[in-house]
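In case you want the letters, here they are:
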Amino acid sequence: MTIRDDHALAADLATEAGERLLRVREHLGYDDPGALRAEGDRSSHLYLMESLARLRPSDSVLSEEATREERLDPRRLGAERVWIVDPLDGTREFSERREGAEAGAADEGRADWAVHVALWERGRLSAGAVALPSQGRTLTTADPPKLPAYDKGRFRIAVSRTRPPEFVRKLAYLVGADLVPIGSAGAKISAVLTGEVEAYVHAGGQNEWDSAAPVAVALAAGAHASRIDGSELTYNQADPSLPDILVSLPELATSLLAGIRDLHR
Ligand SMILES: Nc1ncnc2c1ncn2[C@@H]1O[C@H](COP(=O)(O)O)[C@@H](OP(=O)(O)O)[C@H]1O
Ligand SMILES: [Mg+2]
């Protein structure tokens, strides 16, 4: 089994899970968003767990939708290879109609949600893929996206639609940036890699599965990804909490970290 296989497998699983989620949404519709969210989370988790158990039986898995006991399984901490997956990132957005969508359109739903599949190996992220099913694309370490060139001047910072941290507003003012609210950590990090925004800043709470796959792709593409104090993002810890993150085009990292430091002084 070659390393290249893991990159391709991450991309295939994320893409297939995403296509299944599109079908779940088409089948259930938007009348009961709670039921749509629950079925999306449940079915995508099941598909990924079954696929990984079949295709990579010796590896451990850390999934957002696992039970508390499964997450605390001590074998994961001693394992050399751990798949870190978020079967549906941006669950809230997955269950919402797009503003202005025409009833009966092919896809009436919001597009800012994602499926994350990452592989952590002996201390670092070694492969990953982020499927953006409603955008018809999967970003992958198998073929990392080419980063847009940074055009000096005013730039854009993606923030949570529903939980934007207060300090990011101050940061945007300080560094001369505009805020762009987007759902899903995967969709926001992807937006940095595809040129819709130039940075993503979050604080106040998040977990390893929210960022592992998009950070694997971001690092493979040459983007900056770190904690907001500039330290490394570390995965497969006993406590999966990873509460803050900065992803940006490499040219902006130094000034964003300096701005964040000034605001926290
Ligand atoms: N304060 C917080 N605590 C825990 N998780 C958080 C959080 N803020 C954001 N997240 C998680 O990060 C992901 C992106 O959030 P947002 O769209 O607000 O930026 C969501 O994942 P899920 O949709 O997988 O639950 C959300 O649950
Ligand atoms: Mg998530």
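Residues numbered from 1 in each chain as written. Chains lettered and ligands numbered in written order. Predicted model: local features only at pLDDT ≥ 70, side-chain atom pairs only at ≥ 80, totals over all residues.

Looking now at the overall build of the protein chain. A count of helical and extended segments in the protein chain gives nine helices and ten strands. At 18 Å, the protein chain has a C-alpha radius of gyration in line with the 18 Å of a compact globule built from 265 residues. Taken along the three principal axes of its C-alpha coordinates, the protein chain extends 50 × 50 × 35 Å. The buried share among the 265 residues of the protein chain stands at 45%. In the protein chain, once contacts between residues fewer than 6 apart in sequence are set aside, the share between residues at least 24 apart is 69%. (Helix = DSSP H or I, 4+ residues; strand = E, 2+ residues; numbered from the N terminus. Rg over C-alpha atoms; globule rule 2.2 N^0.38 Å. Buried ≥ 20, exposed ≤ 12 C-beta atoms within 10 Å, placed from the backbone. Contact = placed C-beta atoms within 7 Å.)

Further remarks concern unusual backbone geometry. Positive phi values are uncommon outside glycine, yet Ser184 reaches one of about 75°. Inspection of the secondary structure assignment puts Ser184 in the loop between strand E7 (177-182) and helix H7 (185-194). Residue Asn236 is not a glycine yet carries a positive backbone phi of 55°. Tracing the sequence through the fold places Asn236 in the loop between strand E9 (224-226) and strand E10 (245-248). Of the residues examined, Asn236 has 21 C-beta atoms within 10 Å and is grouped as buried.

Here the focus is the nonpolar core. Ranked by internal contacts, the top residues of the largest apolar core, which has 71 residues, are Val117, Ala118 and Val192. For this core, the leading source of residues is helix H8 (residues 208-221), giving nine residues. There are two domains that each give this core at least three residues, and those are domain 1 (3-140) and domain 2 (155-264). Each residue touching Val192, except ones within four places of it in the same chain, is listed here: Ala158, Val197, Glu198, Ala199, Tyr200, Ala218, Ala223, Val247, Ser248 and Leu249. (Core = buried A, V, L, I, M, F, W, Y, C linked by C-beta atoms within 7 Å. Domains from an automatic or database assignment.)

The next point concerns the sheet that holds E7. Paired through backbone hydrogen bonds, the strands of a sheet run either parallel or antiparallel to each other. With mixed pairing, the five strands of this open sheet are ordered in space as E7-E6-E8-E10-E9. Two strands close off the open sheet at either side, each with one partner strand: E7 and E9. Between one strand axis and the next, the sheet turns through 20° on average, direction left out of account. Both strand E6 (residues 155-160) and strand E8 (residues 199-202) contribute to a ladder of two bridges, which runs parallel. Across the sheet, Ala158 pairs through a bridge with Tyr200, a residue of E8. Seen against the sheet, H7 touches E6, E7, E8 and E10 and runs at an angle of roughly 150° to E8. (Pairing = 2+ DSSP bridges. Axes fitted to C-alpha atoms, helices over the stretch in contact; angles between N-to-C directions.)

We now examine the confidence of the model for the protein chain. Taken as a whole, the protein chain shows an average pLDDT of 95; of its residues, 98% reach a score of 70 or greater. Confidence metrics for the complex model read pTM 0.96 and ipTM 0.98. (pLDDT = per-residue confidence, 0-100.)

Ordered by their spatial adjacency, five strands build an open sheet running E1-E2-E3-E4-E5, and the pairing between neighbours is mixed. The open sheet has two edge strands, strand E1 (60-63) and strand E5 (137-140), and neither has a second partner. The average undirected angle you get between the axes of adjacent strands in this sheet is 15°. As judged from the four bridges shared by strand E4 (residues 124-132) and E5, these two strands associate in the antiparallel manner. Each residue of the ladder has a partner; that of Ala129, found in E5, is Thr140. Against the sheet, helix H2 (residues 33-55) makes contact with E1, strand E2 (81-89) and strand E3 (114-121), and its axis sits at roughly 155° relative to E2, the strand it touches most. Contacts from H7 reach E2, E3, E4 and E5, with the element oriented near 95° to E4.

Among the six residues of E6, five are classified as buried, and the element is accordingly described as predominantly covered. The pairing of E6 with E7 spans six bridges and is parallel. Paired with Val159 across the strands is Pro181, a residue of E7. One crossover worth recording links E6 to the parallel E7 by way of helix H6 (residues 166-175), and it is right-handed. (Right-handed = clockwise from strand over helix to strand, strands pointing away.)

Our focus in this paragraph is the domain arrangement of the protein chain. For the protein chain, the domain assignment lists domain 1 (3-140) and domain 2 (155-264). A separation of 20 Å is found between the C-alpha centroids of domain 1 and domain 2. Counting residues at the interface gives 30 residues for domain 1 and 24 residues for domain 2. Only E1, helix H4 (74-78), E2, helix H5 (91-94), E3, E4 and E5 provide two or more residues apiece to the side of domain 1 that touches domain 2. A per-element tally of the side of domain 1 that touches domain 2 places E4 first, with six residues. Tallied by class, the residues present in the side of domain 1 that touches domain 2 amount to 16 nonpolar, five polar and nine charged. (Nonpolar A, V, L, I, M, F, W, Y, C, P; charged D, E, K, R; others polar.)

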